[in-house]
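For reference, the chains in residue letters:
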Amino acid sequence: MTLDEFVSLSAALTGYPAATLKPQNDPQQISETLFAELSLASNNIPAAQLDELTQVWNSISATPPPSLPAAVQVKIIENLAITRLAQNIIYLWFFGTWYDLAKNPNSFTSPNIDHVVSPLAYTNGLVWGEMGAHPMGYSVGEYGYWANIPTLPQIN
Amino acid sequence: MDNSTKQYDAVIVGGGWAGSALAYRLASANKKVLVLEAGIAIDGLVTNPDENQLVTGNRAEFMNDFFMAMAKTPESPYVQNYNAPRPAVLDIQPIPPFTLNNPAQLPAGAPPPATIDCADPKTSIDKGYFIQRGPVPFGSTYERRGGGTSWHWLGTSLRMLPNDFKLKTVYNQAVDWPIGYEDLSDYYDQAEFEIGVSADVDEQQIHGITFSEGYVYPMAKIPATILDNTMDAGLADQTFDGSSLKVTGTPAGRNGVPNQMKNGEFYDNGRRQCQGNTNCTPICPIQAKYDATVTMAKALMTGNVDIIYQAVATNITLDMTTMEVTGVEYKTYETTGGPCTGTFTATGTKYIVAAHAIEAAKLLLMSNTQIPAGVANYSGQVGKNLMDHPMYLGWGLMPKPVYPFRGPLSTSGIEGTRDGAFRSERASFRIEIGNEGWNWPGGAPYNQVIDMVSPMPPDQSGAPTVGIFGTALRQSIQSNFTRQFRIGFLIEQLPDADNCYIVPSKTCFDNLGVPRPEIYYDFDVYTMEGFKAAAAATDFIFNTLGVENNTGVPVGNGGVFEYEGVKYYAQGAGHVMGTHRMGTTRDDSVTDANMKSWDHDNLYIVGCGSMPTTATSNPTLTMTALAFKAADAIIQSFA
């Protein structure tokens, strides 16, 4: 999988435009940092699973936007051979975390290889902004901002 | 630094909350003070800035560790120190019934009592520091390093109620304090100034609390969140069990807008305003929230204070003729996992143990070479009466968005339930309103997003499942998380010398060979009735507000107990109290009202352990007031 393929697939999986995930100027290099997780040996990603996800994505990525979610649903999400890897890409973006592919992320078996990718990956997690908030421990708000109703990001 | 030969006016064991307050007060009165801190130094918080500290920590490092932690627990920013270990969430697991401390209670055919394998201190401490004997695990944790547990306190700075000081007289429960509200009122003023509390005087005059003429808090009340206002709109006119459910702002040790003080000056402590990081616990990223390093820094600036880090007090020695304390022995180490590097003795005129309720009691009981029962323990009450505010959590979804995960962790609460005739029968409580969604009870946002994206298969296996993604996921996140909220009940606990106590373990030691705390803990009917009332209050509040009630099994479910056929899940509040209580006689208390040991004229024992009963207010403000009261008594004792 290439970085471009990763970003376009990530856009389909997260519901965020590719230009939001990988802005033209990104001094924090978030997409590059998250993409690097796919080639991290300690993440134990079966090569066949990554190859299949890449191939499937390339086979549907040109689908016209209105039909794309349905194609992703059938070809990726409902494909049990690759859906966990796709889910992990969602977690990378929303949390900045990597979960052991061999288990359900909600189960806390030990030892495991779950980890936060980096402090920047955490503070750039999409879940916080999605709910009109900020990462816990990383606010750029001013005193008293919490008394005002936030604007939630628009979902297209 | 070897200060073992220097003579001090006062030796303080503990560089945390109470120790910093005492050091500052005594140093300001020109007393020479030595502080022994078991844990590592905080950058800059040292006697001599040129001196090379062996190990240090600082806020930026703690933040980095917090960001990188998968489980963002209260202790996640702070690495374990095997030479001055502290408990963590792993300590709070259900205790199998066969570890009941009385073997006679073993059910027929039950396996023999479990023994904890602590042959190797490090691997054993990695599984938990406490030796929990139960039947209920003690649910609260603390920190051992410069600044102590103030690194992860919430900031709540409520005063105790007048009736909290006289539980025996008014409700025929437990014991009265040896002092009343009026004795602490001035010290509360001073504590609020030192901490820098933001609150509104008019709003805090409840249940008989009074303020001195013209008093204003240092800073104005912190603005309420949308959740606070939503709850107040629905509950202001409601009552539960005769108590008002009105929502009021919670006094907080977080910087807000300065007030003009009684003396005409505007309050200014030089630190930043709260930025609403929603992270008071585990760590405020910008120190808008007070912590004890603020006061220790001022103490050090007087030039009258020496502080030795990585100095673990292990024994208090006595002159057996005068019964006065003659020294504090302490062990040193170079790295947090390395061996003991020496044993020294600190000497002074006065001695103050301010080492946290559990560690202080442990030290007094460990000091048993001259008196088998331990130092300051004529009453037999040292280590006894261990208490917390066991917490009941209720959580749900509001009918409309309330936008949690914004602002300080908690800005308001319900205080009407803290006092009433019901206290003759059951524990009272205050209700804290949480601004962090289901983060505490439900592991939010992680667990709910995972439930959306990778639902757990029915067989609980690791098999892949089909979840939602893209636009549907984003819509679910917006709809769910903007409506999440939780309330937490801080439930009163009575002193129970027979069932709730801590002793130094005879079999399990830390890496320095110092005994680990062995803890016996349980809830009595009074407290369990408080839980029952808390659950009923949750139902009433949620029904009144039209809330979808999601209260169930919380992620931290180690404190489970059953009462009248119902399971409850107690959480620790971090409010560890009672283990060296003050009182009116030598027979049933460890210190007098000035926190001076009844047994040793030059020994003071100060902290939340001094509190005879828990009340329902988060105890830190009261501990600060008590530390200032003790400091006055110590200064006067030199005259």
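Anything mentioned here points back to the structure above.
Residues numbered from 1 in each chain as written. Chains lettered and ligands numbered in written order. Predicted model: local features only at pLDDT ≥ 70, side-chain atom pairs only at ≥ 80, totals over all residues. Heavy atoms only, no water.

Undergrad: Which residues make up the state of the cysteines, and what values go with them?
TA: Residues and elements named next belong to chain B. Throughout the structure, instances matching the rule amount to one disulfide over all chains. The partner cysteine of Cys 118 in its disulfide is Cys 508, sulfur to sulfur 2.0 Å. On the S-S bond that ties Cys 118 to Cys 508, the torsion sits near -75 degrees, and the link is left-handed. In this pair, Cys 118 sits in the loop between helix H2 (59-68) and helix H3 (121-126) while Cys 508 sits in strand S17 (residues 501-509), placing the two residues 390 residues apart along the sequence. Each member of the pair, Cys 118 together with Cys 508, is buried. Left unpaired, Cys 280 is separated from the closest cysteine sulfur, that of Cys 274, by 6.3 Å. You can call Cys 280 buried: its relative accessible area is 6%. Cysteine Cys 284 is unpaired, with the sulfur of Cys 280 as its nearest cysteine sulfur at 6.7 Å. (Disulfide = S-S within 2.5 Å. Helix = DSSP H or I, 4+ residues; strand = E, 2+ residues; numbered from the N terminus. Buried < 20%, exposed > 50% of the residue type's maximum accessible area, 1.4 Å probe, protein only.)

Undergrad: Hey, could you go over the pairing of strand S9 (residues 305-308) of chain B for me, with residue numbers and the actual values?
TA: All names here are of chain B. Judged by which residues are buried, S9 turns out to be covered on both faces: Val 305 and Ile 307 on one side and Asp 306 and Ile 308 on the other are all buried. Relative to S9, strand S2 (residues 33-36) runs parallel, the two sharing four bridges. Each residue of the ladder has a partner; that of Leu 36, found in S9, is Ile 308. (Pairing = 2+ DSSP bridges.)

Undergrad: With reference to specific residues and values, describe the pattern of salt bridges.
TA: Residues and elements named next belong to chain B. In total, this model carries 27 salt bridges over all chains according to the counting rule given. Between Arg 159 and Glu 192 there is a salt bridge whose closest N-O contact spans 2.7 Å. Residue Arg 159 is found in the loop between strand S5 (131-135) and helix H4 (167-171), and its partner Glu 192 is found in helix H5 (residues 181-195); the two are separated by 33 residues along the sequence. Classification of Arg 159 by relative accessible area gives buried; the value is 2%. For Glu 192, a relative accessible area of 0% corresponds to the buried category. Among the charged side chains, a network of salt bridges with common partners joins Asp 164, Asp 419, Arg 423 and Glu 492. (Salt bridge = Lys/Arg side-chain N within 4 Å of Asp/Glu carboxyl O.)

Undergrad: Describe the environment of Leu 21 of chain A, and please don't skip the residues or the numbers.
TA: Residue and element names in this part refer to chain A. Residue position: Leu 21 is located in helix H2 (residues 18-21). Using a relative accessible area of 3% as the deciding quantity, one classes Leu 21 as buried. Each C-alpha atom of the pair Leu 21 and Leu 68 lies 18 Å from the other, and the pair is 47 residues apart in sequence. Among all residues touching Leu 21, those that are not within four sequence positions of it are Val 7, Ser 10, Ala 11, Thr 14, Tyr 16, Ser 31, Trp 93 and Leu 126. (Contact = heavy atoms within 4.5 Å.)

Undergrad: Give me the lowdown on the pairing of strand S20 (residues 560-563) of chain B, citing residues and values where you can.
TA: Residue and element names in this part refer to chain B. The side-chain alternation of S20 yields one buried face, formed by Phe 561 and Tyr 563, and one unburied face, formed by Val 560 and Glu 562. Note: S20 against strand S21 (residues 566-569), four bridges, orientation antiparallel. Within S21, the position partnered with Tyr 563 by the bridge is Val 566. Linking two consecutive strands that pair antiparallel, namely S20 and S21, is a turn of two residues; a positive phi of about 50 degrees is found at Glu 564 within it.

Undergrad: Would you mind going over the packing of helix H1 (residues 17-28) of chain B against helix H8 (residues 292-301) of chain B in detail, with residue names and values included?
TA: Residue and element names in this part refer to chain B. One way to put it is that H1 packs onto H8 with a least axis distance of 8 Å and a crossing angle of 25 degrees. Between H1 and H8, the angle falls in the class roughly parallel. For the element pair H1 and H8, the recorded crossing hand is left-handed. Where H1 approaches H8, its residues Trp 17, Ser 20, Ala 21, Ala 23, Tyr 24 and Ala 27 are matched on the opposing element by Ala 292, Thr 295, Met 296, Lys 298 and Ala 299. (Axes fitted to C-alpha atoms, helices over the stretch in contact; angles between N-to-C directions. Parallel < 35°, antiparallel > 145°, perpendicular 65-115°, else oblique. Left-handed = near helix turned anticlockwise from the far one by under 90°.)

Undergrad: Describe the interface of chain A and chain B, naming the residues involved and giving the relevant values.
TA: Many descriptions give the size of an interface as the accessible area lost when the pieces come together. If you look at the interface, chain A gives 61 residues, while chain B gives 64 residues. By the criterion of area lost to chain B, the three top residues of chain A are Met 136, Tyr 143 and Trp 146 of chain A, representing 18% of everything that side buries. One can count one salt bridge joining chain A with chain B. Ionic pairing is found between Arg 474 of chain B and Glu 130 of chain A, a salt bridge with its closest N-O pair at 2.6 Å. Our enumeration of links across chain A and chain B arrives at 26 residue pairs in polar contact (both at pLDDT 80 or more). (Buried area = accessible area lost by both parts, 1.4 Å probe. Polar contact = N/O pair within 3.5 Å; in protein donor to acceptor, adjacent residues only side chain to side chain.)

Undergrad: Which residues make up the sheet that holds S17 of chain B, and what are the values?
TA: All names here are of chain B. Strand order in the open sheet formed by three strands is S5-S18-S17, and the pairing between neighbours is mixed. Strands at the two margins of the open sheet, each flanked by one partner only, are S5 and S17. Put simply, the sheet's adjacent strands are angled 25 degrees from each other on average, direction ignored. Judged from the five bridges that link them, S17 and strand S18 (residues 515-521) form a sheet pairing that is antiparallel. Across the sheet, Pro 504 pairs through a bridge with Pro 517, a residue of S18. Across the sheet, helix H9 (residues 357-366) is in contact with S17 and S18; its angle to S17 comes to roughly 65 degrees.

Undergrad: Mind laying out the environment of Gly 256 of chain B, listing which residues take part and the relevant values?
TA: Mapped onto the elements, Gly 256 of chain B comes out in the loop between strand S8 (247-249) and H8. According to the relative accessible area criterion, Gly 256 of chain B is buried, its value standing at 4%. A C-alpha to C-alpha distance of 9.0 Å links Gly 256 of chain B and Ala 199 of chain B, two positions 57 residues apart in sequence. If near-sequence neighbours (up to four positions away) are discounted, Gly 256 of chain B is found in contact with Tyr 143 of chain A together with Ser 198, Met 219 and Gln 273 of chain B.

Undergrad: Now, about the packing of aromatic side chains: what can you tell me, with residues and values included?
TA: The relation between two aromatic rings is expressed through the spacing of the ring centres and the mutual angle of the planes. Under the definition given, this model contains 44 aromatic pairs over all chains. The interplanar angle of 65 degrees and the centroid separation of 5.1 Å between the aromatic rings of Trp 17 of chain B and Tyr 290 of chain B together place this pair among those described as edge-to-face. Of the two residues, Trp 17 of chain B is situated in helix H1 and Tyr 290 of chain B in the loop between S8 and H8; the sequence distance between them amounts to 273 residues. As far as the burial class goes, Trp 17 of chain B and Tyr 290 of chain B line up, both buried. Of the aromatic side chains, those joined through ring pairs into one cluster are Tyr 129, Phe 130, Phe 138, Tyr 142, Tyr 392, Phe 429, Phe 489, Tyr 521, Phe 523, Phe 531, Phe 561 and Tyr 568 of chain B. A cation over a ring is seen here: Lys 72 of chain B above Tyr 122 of chain A, with NZ or CZ 4.4 Å from the ring centre. (Phe/Tyr/Trp six-rings, centres within 6.5 Å; stacked < 30°, edge-to-face > 60°. Lys NZ or Arg CZ within 6 Å of the ring centre and 35° of its normal.)

Undergrad: Account for the sheet that holds strand S16 (residues 484-491) of chain B, with residues named and values stated.
TA: Sheets are built from strands that pair by backbone hydrogen bonding, the pairs being arranged parallel or antiparallel. Residue and element names in this part refer to chain B. Taking strand neighbours across the sheet as the criterion, the six strands line up as S8-S14-S15-S16-S13-S19 in an open arrangement whose pairing is antiparallel. The open sheet terminates on both sides in strands that have one partner only, identified here as S8 and strand S19 (548-549). Bridging between S8 and strand S14 (residues 412-414) involves three bridges; their strand directions are antiparallel. If you follow Val 247 over to S14, its bridge partner there is Ile 414. Sitting on the sheet, helix H7 (residues 226-235) touches S8, S14, strand S15 (429-434) and S16, and the angle it makes with S15 is about 130 degrees. Lying on the sheet, helix H13 (residues 525-545) is in contact with strand S13 (391-397), S14, S15, S16 and S19; it crosses S16 at an angle near 150 degrees.

Undergrad: Could you give an account of the nonpolar core, naming the residues involved and the relevant values?
TA: Of all hydrophobic cores here, the largest spans 136 residues; its most connected members are Val 72 and Ile 76 of chain A together with Leu 22 and Ile 352 of chain B. Contacts of Ile 352 of chain B, omitting those with residues within four sequence positions, involve Ala 10, Val 11, Ile 12, Val 13, Leu 22, Leu 26, Tyr 604, Val 606 and Ile 634 of chain B. Judged by nonpolar contacts, the second largest core, of 77 residues, contains Val 247, Ile 316, Phe 485 and Leu 545 of chain B. (Core = buried A, V, L, I, M, F, W, Y, C linked by side-chain atoms within 4.5 Å.)

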